[in-house]
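Read off the chains here:
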Amino acid sequence: MARQERAVRTRRAVLEAAAAVFAERGYAAATIAEILSRAGVTKGALYFHFDSKAALARGVLQEQISAEYHVPRELKLQEWVDAGMTVAERLPREPLLLAAVRLSADLQGPDVFGGAWPAWAELTASLLAEARARDEVLPHVVPEESAQVFLGAWIGVQFVSQAVAGWADLDERMSALFDHLLPAIAVPAVLVRLDTAPDRGARVIAEARRRSRAALAGAPT
């Protein structure tokens, strides 16, 4: 058990170090030597978990789609909003997410290590399909098409926020994006029940953490 825990900690340290280097320098300029130095691990320990720089990039990208802060909701559209708002809250504060944004924008990425954007589109399409099955969306909505439209807008919001405000207004921009898109897809009775406030992400993260602590303590959530 102790060996497993050390392996988990080592893997996390390597991922976080790689994320910091990728976020600062981009994929091409990042070196294994600098990642090793920041992680404080041996080359053997790194290669035990990741056999190449491309594998490290894929590991960082996989962290962007995380169920850590997922809280089930009565409305699937609210789960979709929550997924976007929690990322908007976390992104400026977490090097793993910042690195995933930069890696996803790398033109070499799709051929070398992939990207996070297809996974985001898949998640959105899945939640919208569930929402359609529950009659939460208007009849004309095609989940896959809506997911691609949302993805393009979400990518634009990220880069504008970074360029204009250093990510400081990402919560507000993400809230505004949902406020503009949801009336085009949600049935009115559902639309009025959705919470898209700029602080939604922070509240969902706090709720998920409370649930996690309660579950560990054996208390009801």
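These numbers were taken from a predicted model, which means no experiment stands behind them.

Chemist: Would you mind going over the overall build of the chain in detail, with residue names and values included?
Modeler: Looking only at helices and strands, one finds 12 helices and zero strands in the chain. For the chain, the succession of helices and strands along the chain, N to C, is α-α-α-α-α-α-α-α-α-α-α-α. For 221 residues, the compact-globule estimate of 2.2 N^0.38 gives 17 Å, and the chain sits close to it at 19 Å. Oriented by its inertia axes, the alpha-carbon framework of the chain measures out at about 55 × 45 × 30 Å. Expressed as a percentage of its 221 residues, the buried residues of the chain come to 46%. Taking the intrachain contacts of the chain between residues at least 6 apart in sequence as the baseline, contacts between residues at least 24 apart amount to 69%. In the structure as shown, the chain presents an accessible area of about 11300 Å², 56% of it carried by carbon and sulfur atoms. Once the 25 positive and 27 negative side-chain charges of the chain are each reduced to a mean point, those two points are 7 Å apart.

Chemist: Can you break down the pattern of salt bridges residue by residue, with the values?
Modeler: The final tally for this structure, using the stated rule, is 17 salt bridges. In this structure, the salt-bridge partner of Asp195 is Arg203, at a minimum N-O distance of 2.8 Å. On the basis of relative accessible area, Asp195 is assigned to the partly exposed category, the value being 21%.

Chemist: Outline helix H8 (residues 117-133), supporting the account with residue identities and numerical values.
Modeler: Counted at 1.5 Å a residue, the expected span for H8 with its 17 residues is 24 Å, and the 24 Å between its end C-alpha atoms agrees. Where H8 is concerned, the buried positions are Trp120, Ala121, Thr124, Ala125, Leu127, Leu128 and Ala131. Structurally, H8 contributes buried residues whose contacts are with helix H5 (76-90), helix H9 (143-165) and helix H10 (170-185). Trailing H8 by a residue or two, Asp135 shows a phi angle of about 60°, which is positive.

Chemist: Which residues make up the packing of H9 against H10, and what are the values?
Modeler: Where H9 contacts H10, the axes come no closer than 10 Å and their chain directions differ by 155°. In terms of axis orientation, H9 runs roughly antiparallel to H10. Relative to H10, H9 is oriented so that their crossing is right-handed. Only Leu170, Arg173, Met174, Leu177, Phe178, Leu181 and Ile185 of H10 make contact with H9, whose side of the interface consists of Ser146, Phe150, Ala153, Trp154, Val157, Gln158, Val160, Ser161 and Val164. Split into classes, the residues belonging to the contact of H9 with H10 amount to 12 nonpolar, three polar and one charged.

Chemist: Account for helix H12 (residues 200-217), with residues named and values stated.
Modeler: Here H12 spans 26 Å end to end across 18 residues, near enough to the 26 Å set by a 1.5 Å rise per residue. Listed as buried for H12 are Arg200, Gly201, Val204, Ile205, Glu207, Ala208 and Ala214. Contacts from the buried residues of H12 go to H5.

Chemist: Break down the side chain of Glu79 for me, citing the residues and quoting the values.
Modeler: Relative to the helices and strands, Glu79 resides in helix H5. Owing to a relative accessible area of 6%, Glu79 belongs among the buried residues under this scheme. With residues near it in sequence (within four places) discarded, Glu79 still touches His70, Val71, Pro72, Arg73 and Leu127.

Chemist: Tell me about unusual backbone geometry, and please be specific about residues and values.
Modeler: Positioned with a positive phi, Asp135 is a non-glycine residue whose angle comes to about 60°. By the secondary structure assignment, Asp135 is in the loop between H8 and H9. Classification of Asp135 by relative accessible area gives exposed; the value is 61%. Positive phi, close to 75°, is recorded for Trp167, a residue that is not glycine. Of note, Trp167 is situated in the loop between H9 and H10. Judged by its relative accessible area of 10%, Trp167 falls in the buried class.

Chemist: Hey, could you go over the side chain of Lys53 for me, with residue numbers and the actual values?
Modeler: Tracing the chain through its elements places Lys53 in helix H4 (residues 53-62). A polar contact is formed between the side chain of Lys53 and the backbone oxygen of Tyr27, at a distance of 2.9 Å. Aside from chain neighbours lying at most four places away, what touches Lys53 is Phe22, Tyr27, Ala28, Ala30 and Ile32.

Each value, and the rule that gives it
- Residues numbered from 1 in each chain as written.
- Predicted model: local features only at pLDDT ≥ 70, side-chain atom pairs only at ≥ 80, totals over all residues.
- Heavy atoms only, no water.
- Helix = DSSP H or I, 4+ residues; strand = E, 2+ residues; numbered from the N terminus.
- Rg over C-alpha atoms; globule rule 2.2 N^0.38 Å.
- Buried < 20%, exposed > 50% of the residue type's maximum accessible area, 1.4 Å probe, protein only.
- Contact = heavy atoms within 4.5 Å.
- Areas by Shrake-Rupley, 256 points an atom, 1.4 Å probe, with all protein chains shown as cover.
- Lys, Arg positive; Asp, Glu negative; His and termini not counted.
- Charge placed at Lys NZ, Arg CZ, Asp CG, Glu CD.
- Salt bridge = Lys/Arg side-chain N within 4 Å of Asp/Glu carboxyl O.
- Expected span 1.5 Å × (residues − 1).
- Axes fitted to C-alpha atoms, helices over the stretch in contact; angles between N-to-C directions.
- Parallel < 35°, antiparallel > 145°, perpendicular 65-115°, else oblique.
- Left-handed = near helix turned anticlockwise from the far one by under 90°.
- Nonpolar A, V, L, I, M, F, W, Y, C, P; charged D, E, K, R; others polar.
- Polar contact = N/O pair within 3.5 Å; in protein donor to acceptor, adjacent residues only side chain to side chain.

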